[in-house]
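# Coordinate inspection notes
Read off the chains here:
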Amino acid sequence: MAPSVRLRDVRPEEQDAFFEAFAAYHTELDALDDDAGVHSVEAYRAALLEDLEGSGRELWWIEADGERAGFAVVQTLPDWPDDRTDVAEITEFYVEPRFRRSGVGRAAVEAILADHRARGTRLVEAAILERNGAARAFWATLGFEARARLTARRP
Ligand SMILES: CC(C)(COP(=O)(O)OP(=O)(O)OC[C@H]1O[C@@H](n2cnc3c(N)ncnc32)[C@H](O)[C@@H]1OP(=O)(O)O)[C@@H](O)C(=O)NCCC(=O)NCCS
């Protein structure tokens, strides 16, 4: 049976546990990133927490049948140049390995989409590393369409 999934906000006293999970995510994605190793988890922690209130970022636990199964970071900002609507970006998204392929990720994204439908957000985006084939398949199956390709090189 598909697990019952819900999002719950990360409380300030849970930040150590959050960044422990973030470290596992970071290690996993670094293996797929040519620019790996540039930023430490400590740098992410400092930057994420520095201006949490004003940044439009929300930190969520993904819970499956009441257990912590992963996390999501969603940043919602006014659209540019027309700031009458918001655009949200799922900037980090992680399901722990033992919970994968059982619909947890799908249910969590559907909960994020429902939340943003209710808020009137215009668009929900997710950036994917080119070499992250699992994530490409995952977001595609959830109806996310590739609309741009970010290219980068060292100057
Ligand atoms: C990508 C990730 C979030 C998927 O989470 P999940 O809970 O396993 O996903 P679901 O079980 O809800 O999968 C839904 C559908 O997505 C697709 N999918 C998910 N993982 C896949 C994989 N490894 N390979 C191919 N398709 C996959 C399938 O169509 C799947 O449906 P199915 O299992 O019925 O075939 C998870 O593997 C993860 O956290 N990976 C490491 C971090 C990461 O890459 N995050 C995304 C950054 S953009």
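In this report, we go over the structure that sits alongside the text. (Residues numbered from 1 in each chain as written. Predicted model: local features only at pLDDT ≥ 70, side-chain atom pairs only at ≥ 80, totals over all residues. Heavy atoms only, no water.)

The next point concerns the nonpolar core. Grouped burial of nonpolar side chains is what soluble globular proteins tend to show. Ranked by size, the top nonpolar core spans 22 residues in total, and within it I62, I90, F93, V104, I112, W139 and F144 carry the most contacts. Listing elements by their share of this core, those giving two or more residues are β1 (5-9), β2 (57-64), β3 (67-78), β4 (86-95), α3 (104-119) and α4 (133-141). Excluding residues that lie within four positions of it along the chain, F144 makes contacts with I90, V109, L113, V124, E125, A126 and W139. V10, F22, W61 and Y94 belong to the second largest nonpolar core, which has 13 residues in total. (Core = buried A, V, L, I, M, F, W, Y, C linked by side-chain atoms within 4.5 Å. Buried < 20%, exposed > 50% of the residue type's maximum accessible area, 1.4 Å probe, protein only. Helix = DSSP H or I, 4+ residues; strand = E, 2+ residues; numbered from the N terminus. Contact = heavy atoms within 4.5 Å.)

Before going further, it helps to spend a moment on the packing of aromatic side chains. As enumerated under the stated definition, the model contains 15 aromatic pairs in all. Arranged with centres 5.1 Å apart and planes meeting at 70°, the rings of F138 and W139 form a pair that is edge-to-face. By relative accessible area, which is 6% here, W139 ends up buried. Measuring from ring centre to ring centre gives 4.9 Å for W139 and F144, while their planes differ by 70°; the resulting arrangement is edge-to-face. Note on F144: relative accessible area 17%, which makes it buried. An aromatic cluster is built from F18, F19, F22, Y25, Y44, W61, F71 and Y94, whose rings are joined through pairwise contacts. The ring of W61 carries the charged tip of R68 above its face, separated from the ring centre by 3.9 Å. (Phe/Tyr/Trp six-rings, centres within 6.5 Å; stacked < 30°, edge-to-face > 60°. Lys NZ or Arg CZ within 6 Å of the ring centre and 35° of its normal.)

Turning our attention to the packing of α3 against α4. Running from N to C, α3 and α4 cross one another at 50°; their axes reach a closest spacing of 11 Å. As the angle between them shows, α3 and α4 are arranged oblique. Of the two elements, α3 crosses α4, and the hand of that crossing is right-handed. Where α3 approaches α4, its residues G105, R106 and V109 are matched on the opposing element by F138, W139 and T141. Of the residues assigned to the contact of α3 with α4, the class counts are 3 nonpolar, 2 polar and 1 charged. (Axes fitted to C-alpha atoms, helices over the stretch in contact; angles between N-to-C directions. Parallel < 35°, antiparallel > 145°, perpendicular 65-115°, else oblique. Left-handed = near helix turned anticlockwise from the far one by under 90°. Nonpolar A, V, L, I, M, F, W, Y, C, P; charged D, E, K, R; others polar.)

Now for the sheet that holds β3. A sheet is described by the order of its strands in space; here 5 strands give the open sequence β1-β2-β3-β4-β5, paired in mixed fashion. The open sheet has two free edges, formed respectively by β1 and β5 (123-126), since each of these has just one partner strand. With direction set aside, neighbouring strand axes in the sheet form an average angle of 30°. Pairing geometry for β3 and β4, over 9 bridges, is antiparallel. (Pairing = 2+ DSSP bridges.)

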